[in-house]
Amino acid sequence: MRIILGITGGVAAYKAAELARLLARRGHQVRCILTEAGSRFITPLTLTSLTGEPCYGANPDHGEWRALPTIEHIELARWADLVAVVPATANILGKAANGLATDLLSTVLLATRAPVLWAPAMNTGMWEHPAVQANVARLRGFGHTLVDPAEGSLACGEEGAGKLAEVEVIAEAIQVAGTPPLPALAGRRVLITAGPTREDLDPVRTLTNRSTGAMGVELARAFRDAGAQVQLVLGGDLPAPWGVDTVRVRSAQDMLDACASRWADAEGLVGAAAVADQRPEVRASEKVKKGDGPETLVLVRTPDILATLSATKRPGQWILGFAAESEHHLDHAAAKLARKGLDAVLLNDVKDGRAFGDQPNTLTPLTPDGSEPALGPLPKDALARAVVAWWADRLARRS
Ligand SMILES: Cc1cc2nc3c(=O)[nH]c(=O)nc-3n(C[C@H](O)[C@H](O)[C@H](O)COP(=O)(O)O)c2cc1C
């Protein structure tokens, strides 16, 4: 992606260098524009060194750092696939919300037809001021993406909202804003489950499994990037992805409750969670003490989330399930597809601990029409994109 990174005059400007480096490392072409105030916080030399691309000054006529004199503001605006302003001052938000073009960055922002993303950073009082909030609302209304500032201790010594969002989060939001949606999924509401469930024996002991939730979280990202409105019901400890409405759950029953209240509004369900099949019959409210004799743990079945939601499936709703099998893979997956009334099953081979965590993985799609060529082996982010592309293609052909 060709990215213009606008850097304005806040203390967090130094973090833009880290962002520029991260984006360049991920293969993006990054050209920076410093405002005059921005150039008091960070130097063009740092930015050109990290990106290998020119850095532009505040004013194209007098820009000390104008590397390509032939490129005017309109050409820069056309060049960009995305314009990101990180950090964004209250000043630049106000200028852009009101169509002012007083320097190179504000002029490019007005001229570009590319998606625009803002990551504001400022003192809490400034951020909460109605004028700033009105400007932010106006920019959202233009279709711009806002990466809201985080809460924390600010350079001014105050505690509160206004701290620049984490650089990784901003990079993720840039990826989303710059990815064109897939027509079959754009605006579609998709419910995704991910991660392990935990069935507690007592306040300190739990029954769980080896799933981390990595595949489901990457699927949530891939559906989000395809333009879907994703709700993620997440077990385990992985961080929630940016731009995904995430609810955290612990047990299979919690996961079912969270899904049941969201299912009616969704168009599709992706059941990637590794849901416990059993839970302890009794959950002790106090820590169970060591006994003298032999001990037996009595287990009872947990609710079957996919089967329960499938039973209330409306016409047009679809469900993708996952099957983790260590033997008789295709037979077991086909049985699951039929038994639970699913639209497709993605088959994982989990023999010898394969498929868990960060490992590359392979998924074989099965539909009522039969099995399809395997997707992968691929790292989970690429595999999730392959699953989404495969499913979007089937949806497009179905409608
Ligand atoms: C030390 C210092 C730190 C500043 N930090 C911020 C900040 O974090 N956020 C902000 O909105 N303005 C901040 N300002 C004020 C802006 O630099 C000022 O509004 C400037 O005109 C912004 O210009 P620009 O938006 O063209 O970069 C700071 C000013 C100084 C002197």
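None of these values were measured; they are calculated from a predicted model.

1. Let's talk about the pairing of strand E2 (residues 29–34)
- Taken across its six residues, E2 has five buried, putting it largely inside the fold.
- One ladder, built from six bridges, connects strand E1 (residues 2–7) with E2; its direction is parallel. By the bridge assignment for E2, Gly-6 is matched with Ile-33.
- Read as a crossover between parallel neighbours, the route from E1 over helix H1 (residues 13–25) to E2 is right-handed.

2. Digging into the domain arrangement of the protein
- Parsing the protein into structural domains produces domain 1 (2–177) and domain 2 (189–398).
- The C-alpha centroid of domain 2 is placed 38 Å from the C-alpha centroid of domain 1.
- The partner domain 2 presents five residues to the seven residues of domain 1 that form the contact.
- Where domain 1 packs against domain 2, one counts two salt bridges.
- A salt bridge links Arg-224 to Glu-172, with the shortest nitrogen-to-oxygen separation between them at 2.8 Å.
- On inspection of domain 1 and its partner domain 2, the count reaches two residue pairs in polar contact (both at pLDDT 80 or more).
- Sorting the residues of the side of domain 1 that touches domain 2 by element identifies strand E6 (145–146) and helix H8 (167–177) as the ones contributing at least two each.
- Tallying contributions element by element places H8 first for the side of domain 1 that touches domain 2, with four residues.
- A breakdown of the residues in the side of domain 1 that touches domain 2 according to their chemical character gives five nonpolar, one polar and one charged.

3. Regarding helix H7 (residues 130–141)
- Between the first and last C-alpha of H7 there are 16 Å, a value that for 12 residues agrees with the 16 Å anticipated at 1.5 Å per step.
- Close packing links the buried residues of H7 with helix H4 (90–97), strand E5 (116–120), helix H6 (124–128) and E6.
- Phi turns positive one or two residues past the end of H7, at Gly-143, with a value near 90°.

4. Some points on the packing of aromatic side chains
- Under the counting rule described, the total for this entry stands at three aromatic pairs.
- Judged by centre distance (6.3 Å) and plane angle (25°), the ring pair of Phe-223 and Trp-318 falls under stacked. Of this pair, Phe-223 sits in helix H9 (residues 214–225) while Trp-318 sits in strand E17 (residues 318–325), and the two are 95 residues apart along the sequence.
- On the accessibility criterion, Phe-223 (0% relative accessible area) is buried.
- Taken together, Phe-223, Trp-318, Trp-390 and Trp-391 form an aromatic cluster joined through their ring pairs.
- One Lys or Arg, Arg-31, reaches over the ring of Trp-79 and ends 4.3 Å from the middle of that ring.

What counts, and where the lines are drawn
Residues numbered from 1 in each chain as written. Predicted model: local features only at pLDDT ≥ 70, side-chain atom pairs only at ≥ 80, totals over all residues. Heavy atoms only, no water. Buried < 20%, exposed > 50% of the residue type's maximum accessible area, 1.4 Å probe, protein only. Helix = DSSP H or I, 4+ residues; strand = E, 2+ residues; numbered from the N terminus. Pairing = 2+ DSSP bridges. Right-handed = clockwise from strand over helix to strand, strands pointing away. Domains from an automatic or database assignment. Contact = heavy atoms within 4.5 Å. Salt bridge = Lys/Arg side-chain N within 4 Å of Asp/Glu carboxyl O. Polar contact = N/O pair within 3.5 Å; in protein donor to acceptor, adjacent residues only side chain to side chain. Nonpolar A, V, L, I, M, F, W, Y, C, P; charged D, E, K, R; others polar. Expected span 1.5 Å × (residues − 1). Phe/Tyr/Trp six-rings, centres within 6.5 Å; stacked < 30°, edge-to-face > 60°. Lys NZ or Arg CZ within 6 Å of the ring centre and 35° of its normal.

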